[in-house]
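Chain by chain, the residues run as shown.
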Amino acid sequence: MGNSEDGRHEGFSADERAAMKDHAKELKAASRRTSKAEKAAEAERDLLAKIAEMQDADRALAERVHAIVTANAPTLEPKLWYGMPSYAIDGKVVCFFQSAEKFKARYATLGFSDLAKLDDGPMWAAGFALTEVTPEVEARIAELVRRAVG
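Below is a summary of the structure that appears in this document. Please read these numbers as outputs of a predicted model, since none were measured by experiment.

### Comments concerning the nonpolar core
Part 1 of the reasoning: Ranked by internal contacts, the top residues of the largest apolar core, which has 26 residues, are Val 65, Leu 76, Phe 97, Phe 112, Leu 130, Ile 141 and Val 145.
Part 2 of the reasoning: Of all the secondary structure elements, the ones that give two or more residues to this core are helix H2 (36–53), helix H3 (56–72), strand S5 (92–98), strand S6 (108–112) and helix H4 (135–149).
Part 3 of the reasoning: When residues no more than four places from it in sequence are discounted, the contact partners of Ile 141 are Val 65, Ile 68, Leu 110 and Leu 130.

### Digging into the packing of H2 against H3
Part 1 of the reasoning: Put simply, H2 and H3 touch, their axes get as near as 9 Å, and they point 150° apart. Taken together, the axes of H2 and H3 are roughly antiparallel relative to one another. Counted together, Glu 44, Leu 47, Leu 48, Ile 51 and Ala 52 of H2 and Arg 59, Ala 62, Glu 63 and His 66 of H3 form the full contact between these two elements.
Part 2 of the reasoning: Residues that form the contact of H2 with H3 fall into these classes: five nonpolar, one polar and three charged.

### Here's the deal with the pattern of salt bridges
Part 1 of the reasoning: Inspection of the entire model under this criterion finds eight salt bridges.
Part 2 of the reasoning: Its salt-bridge partner being Asp 15, residue Lys 104 comes within 3.1 Å of it at the nearest N-O pair. With Lys 104 in the loop between S5 and S6 and Asp 15 in helix H1 (residues 14–32), this residue pair connects regions lying 89 residues apart in the sequence.
Part 3 of the reasoning: The residue Glu 143 makes a salt bridge to Arg 147 at a minimum N-O spacing of 3.5 Å. Note that Glu 143 and Arg 147 are positioned in helix H4 at a spacing of four residues, about one turn of the helix.
Part 4 of the reasoning: On the accessibility criterion, Glu 143 (26% relative accessible area) is partly exposed.

### A word on H3
Part 1 of the reasoning: Taking 1.5 Å of rise per residue, the 17 residues of H3 would be expected to cover 24 Å, and the 24 Å separating its terminal C-alpha atoms lies within 8% of that figure.
Part 2 of the reasoning: Among all positions of H3, only Asp 58, Leu 61, Ala 62, Val 65, His 66, Ile 68 and Val 69 are buried.

### Points about H2
Part 1 of the reasoning: Its 18 residues place the ends of H2 26 Å apart at the C-alpha level, agreeing with the 26 Å of an ideal helix rising 1.5 Å per residue.
Part 2 of the reasoning: For H2, the secondary structure elements touched by its buried residues are H3, strand S3 (77–81) and strand S4 (84–89).

### Quick notes on the environment of Ala 108
Part 1 of the reasoning: Its location among the elements puts Ala 108 in strand S6.
Part 2 of the reasoning: Looking at Ala 108, the relative accessible area reads 2%, which means it is buried.
Part 3 of the reasoning: Non-local contacts of Ala 108, meaning those with residues more than four positions away in its chain, are made with Asp 58, Leu 61, Phe 97, Gln 98, Ser 99, Ala 100, Phe 128, Ala 129 and Leu 130.

What counts, and where the lines are drawn
- Residues numbered from 1 in each chain as written.
- Predicted model: local features only at pLDDT ≥ 70, side-chain atom pairs only at ≥ 80, totals over all residues.
- Heavy atoms only, no water.
- Core = buried A, V, L, I, M, F, W, Y, C linked by side-chain atoms within 4.5 Å.
- Buried < 20%, exposed > 50% of the residue type's maximum accessible area, 1.4 Å probe, protein only.
- Helix = DSSP H or I, 4+ residues; strand = E, 2+ residues; numbered from the N terminus.
- Contact = heavy atoms within 4.5 Å.
- Axes fitted to C-alpha atoms, helices over the stretch in contact; angles between N-to-C directions.
- Parallel < 35°, antiparallel > 145°, perpendicular 65-115°, else oblique.
- Nonpolar A, V, L, I, M, F, W, Y, C, P; charged D, E, K, R; others polar.
- Salt bridge = Lys/Arg side-chain N within 4 Å of Asp/Glu carboxyl O.
- Expected span 1.5 Å × (residues − 1).

So this is what it looks like as structure tokens:
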């Protein structure tokens, strides 16, 4: 959230407001669906459509992440979360892909929520910068998502 030079709160940025609007649309669409299977199929279609809208570099990364996550953690349910591709258990997000474009960042991010079982002592990584998916990166993502749901 933005602060002015004198420290006063200026409200949410345009990108933050857009993400909140995306989330409201996602909740409204989910409430209209009936069966669990219908909800799951529609949620995955929504996620794939969002990936298809991304710019080339982000789209390529998101497509690879989607393939790796679904192959290595099939219990995770694809869904949109604040306009980002995410993967959940019982509707609660475990990991997500944030495109570089979405928040005008230098790189895309693979992030994990506090539900991910990545704990490693008193401090561990919960977000990873992602610029390309090499075989080594693919193996690391696969290992992380398997651990996250383990």
